[in-house]
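# Commentary on secondary and tertiary structure
Below are the chains, spelled out letter by letter.
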Amino acid sequence: MAKTLVTGGAGFIGSHVSQRYLNQGHQVVIIDNLSTGREDNIPKGAKFYKADISDLKTLETIFKEEKLDVVNHHAAQIDVRESLENPQKDATINIVGGINLLELSKKQGVKKFIYAATGGALYGEASQGPSQENSPINPISHYGVSKYCLEHYIDLCSRLYNINFTILRYANVYGPRQNPLGEAGVIAIFIHAMLDGKNPMIYGDGEQLRDYVYVEDIAKANLMALSSGDKMTINLGTGKTTSVNKLFQILGEVLNFKGKPQFKPKRGGEIFRSVLDVGLAKNVFHWNAEVSLQKGLENTVAWQRSAC
Ligand SMILES: NC(=O)c1ccc[n+]([C@@H]2O[C@H](COP(=O)([O-])OP(=O)(O)OC[C@H]3O[C@@H](n4cnc5c(N)ncnc54)[C@H](O)[C@@H]3O)[C@@H](O)[C@H]2O)c1
């Protein structure tokens, strides 16, 4: 059994990953500054430190105290718009914070570093089919650049100091506890508006395509990464695309919402088609995204109703 640090464990994805680890008998230590995370997301049985990953001194004390086997790094500044307005803050958390964790992992002999990277905000237009791990990289936000930059540090630290790692590049992750700021934020925003009886806004014609993957499937892959995928970078998604209009339609049916979307002008810089090839995850983890979009959206709606 591994003693695992989950950074960002009070957030959306990190809290599901922490729960999955605890269910399998692993020990979980969480570091989160609660900037977007919430204390009531933290699963029972996890040890919690309210701390910032850019604060090296505090991290050092925690690492010395906890003697960790694995670091699973989910904490991040995830707001794309915020990254464009304040790239320094974005880089301080997503790059410098990550380097802090890597340096301490090296010093304290951590056995594996698992990193929640982005596939959704990384590859350019997927016009030739789903993006593979070696497809051209073309981030269009400071967020995408900072998340990718840490991948290079991880790779370098692995080559210089033999740190073992798995980099997981997520598509657009959705599910209970999701944050409207995240990469699949549109789902949380639509559900919220529909529950309030308001017509959600759609930017552009709504035909833009994304790969929406359910958070429990992502948590399962994080479990696999404890024991496989060593020194690999692996996409996690469904390999399927869904339009924003289709999301609107499914959520409308689940919530019995009769309103219409309010169409707004297309936002600058948005790509049309983003979808990940997940062949490598299938081969290495024997992993598939198992939860259908319909079922995942029903679960998300049920959670959001209960949270209101
Ligand atoms: N949601 C997606 O679709 C998606 C897609 C690709 C990658 N990711 C990555 O997954 C990870 C988790 O994202 P999420 O959607 O769960 O977002 P989230 O905002 O719910 O989780 C991030 C957590 O990190 C914490 N945090 C932020 N800055 C911190 C700091 N300086 N120190 C300590 N804690 C800090 C927040 O309080 C929050 O609990 C992020 O690294 C994100 O880049 C998410």
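Residues numbered from 1 in each chain as written. Predicted model: local features only at pLDDT ≥ 70, side-chain atom pairs only at ≥ 80, totals over all residues. Heavy atoms only, no water.

### Details of the environment of I154
Heads up, the rule is: Secondary structure follows DSSP: runs of H or I at least 4 residues long count as helices, runs of E at least 2 residues long count as strands, and numbering of each begins at the N terminus. Between two residues, a contact is recorded if the distance between any of their heavy atoms is within 4.5 Å.
Relative to the assigned elements, I154 resides in helix 5 (residues 142-161). Each residue touching I154, except ones within four places of it in the same chain, is listed here: L102, F113, Y115, F165 and I167.

### A few points about the sheet that holds strand 2 (residues 27-32)
Which entries qualify depends on this criterion: Being paired, for any two strands, means DSSP has found at least two bridges between them. Only the stretch in contact is used when fitting a helix axis, every axis being a line fitted to C-alpha atoms; angles between N-to-C directions are given from 0 to 180 degrees.
What the seven strands build is an open sheet, ordered 3-2-1-4-5-6-11; its pairing is parallel. In the strand order of this sheet, the two ends are held by strand 3 (47-50) and strand 11 (232-236), each with one partner. Taking the axes of each pair of neighbouring strands and ignoring which way they run, one obtains an average angle of 20° across the sheet. Relative to strand 11, strand 6 (residues 165-170) runs parallel, the two sharing five bridges. Looking across to strand 11, one finds that Y170 is bridged to L236. Across the sheet, helix 7 (residues 215-224) touches strand 4 (70-73), strand 5 (112-118), strand 6 and strand 11, and the angle it forms with strand 6 is around 165°.

### So, unusual backbone geometry
Counted only if it meets this: Burial classification: accessible surface area is computed with a 1.4 Å probe over protein chains only, and a residue below 20% of its type maximum counts as buried, one above 50% as exposed, and the rest as partly exposed.
The backbone phi angle of R177 is positive, close to 75°, even though this residue is not glycine. Examined against the element boundaries, R177 turns out to sit in the loop between strand 7 (172-174) and helix 6 (185-195). You will see that H286, though not glycine, has its phi angle at about 50°, which is positive. Within the secondary structure, H286 is located in the loop between helix 9 (279-285) and helix 10 (293-307). Judged by its relative accessible area of 67%, H286 is exposed.

### Observations concerning helix 7
Of all the ten residues making up helix 7, eight are buried; the element is thus mostly covered by neighbouring parts of the structure. Within helix 7 the residues assigned to the buried category are V215, D217, I218, A219, K220, A221, N222 and L223.

### Quick look at the packing of helix 6 against helix 10
Spelled out, the test is: The cut-offs work like this: below 35 degrees is roughly parallel, past 145 is roughly antiparallel, 65 to 115 is roughly perpendicular, and the gaps in between are oblique. Should the near helix be turned counterclockwise from the far one by less than a right angle, the crossing is left-handed, whereas a clockwise turn marks it as right-handed. Any residue that is not Ala, Val, Leu, Ile, Met, Phe, Trp, Tyr, Cys, Pro, Asp, Glu, Lys or Arg is counted as polar, Gly included; the first ten are nonpolar and the last four charged.
Running from N to C, helix 6 and helix 10 cross one another at 55°; their axes reach a closest spacing of 11 Å. Viewed along their axes, helix 6 and helix 10 adopt a mutual orientation that is oblique. Between helix 6 and helix 10 the crossing geometry is right-handed. Side by side, helix 6 and helix 10 meet where I187, A188, I191, H192 and L195 of the first sit next to L297, T300, V301, Q304 and R305 of the second. The residue makeup of the contact of helix 6 with helix 10, split by class, is six nonpolar, three polar and one charged.

### Remarks on the site of the ligand
Selection rule: Only heavy atoms are used to decide nearness, and a residue is near a molecule or strand if one of them lies within 4 Å of it. Polar contacts here mean pairs of N or O atoms no more than 3.5 Å apart (in protein, one a potential hydrogen donor and the other a potential acceptor; neighbouring residues in sequence count only if both atoms are side-chain atoms). Only the protein chains shown count as cover for residues, with accessible areas throughout obtained via the Shrake-Rupley method and a probe of 1.4 Å.
As a structural note, the neighbourhood of the ligand is formed by 31 residues, with D32, T36, Y143, K147 and V173 the closest of them. A distance of 2.9 Å separates an oxygen atom of the ligand from a polar backbone atom of H74. Relative to its free-state accessible area of 820 Å², the ligand is covered by the protein chains to the extent of 99%. Secondary-structure elements contributing two or more residues to the shell around the ligand are helix 1 (12-23), strand 5, helix 5 and strand 7. Among the residues forming the shell around the ligand, the class breakdown is 17 nonpolar, ten polar and four charged.

### Description of the domain arrangement of the chain
Just so we agree on the cut-off: Domain borders in the structure are assigned automatically or taken from a domain database. For any pair of parts, buried area is found by adding up, for both, the accessible area (1.4 Å probe) each one loses once the two are put together.
The assigned domain composition of the chain is domain 1 (3-174 + 215-237 + 276-285) and domain 2 (186-209 + 241-274 + 293-307). Computed from C-alpha coordinates alone, the two centres of domain 1 and domain 2 are separated by 27 Å. Between domain 1 and domain 2, the contact holds eleven residues from the first and twelve residues from the second. Each partner contributes to the roughly 860 Å² buried at the junction of domain 1 and domain 2, and carbon and sulfur atoms together form 50% of this total.

### Thoughts on the pattern of salt bridges
As a reminder of what qualifies: Salt bridges are defined by distance alone: a side-chain nitrogen of Lys or Arg within 4 Å of a carboxyl oxygen of Asp or Glu.
Overall, the coordinates contain 15 salt bridges when judged by the stated rule. Among the salt bridges present, the one from E103 reaches K106, with a minimum N-O distance of 3.3 Å. Of the two residues, E103 and K106 are both situated in helix 4 (residues 87-107); the distance of three residues between them amounts to about one turn of the helix. With relative accessibility at 33%, the residue E103 sits in the partly exposed group. Two residues, D155 and R159, come together in a salt bridge whose shortest N-O distance is 3.0 Å. Here D155 and its partner R159 are both found in helix 5, four residues apart, which amounts to about one turn of the helix. Looking at D155, the relative accessible area reads 30%, which means it is partly exposed.

### A closer look at the pairing of strand 2
Counted residue by residue, strand 2 has five buried out of six residues, so it is predominantly covered. In terms of strand pairing, strand 1 (residues 3-7) meets strand 2 through five bridges, oriented parallel. The residue bridging T7 from the neighbouring strand is I31, located in strand 2. Strand direction decides the pairing type here: strand 2 and strand 3, joined by four bridges, are parallel. Bridging from a neighbouring strand, I30 pairs with F48 of strand 3.

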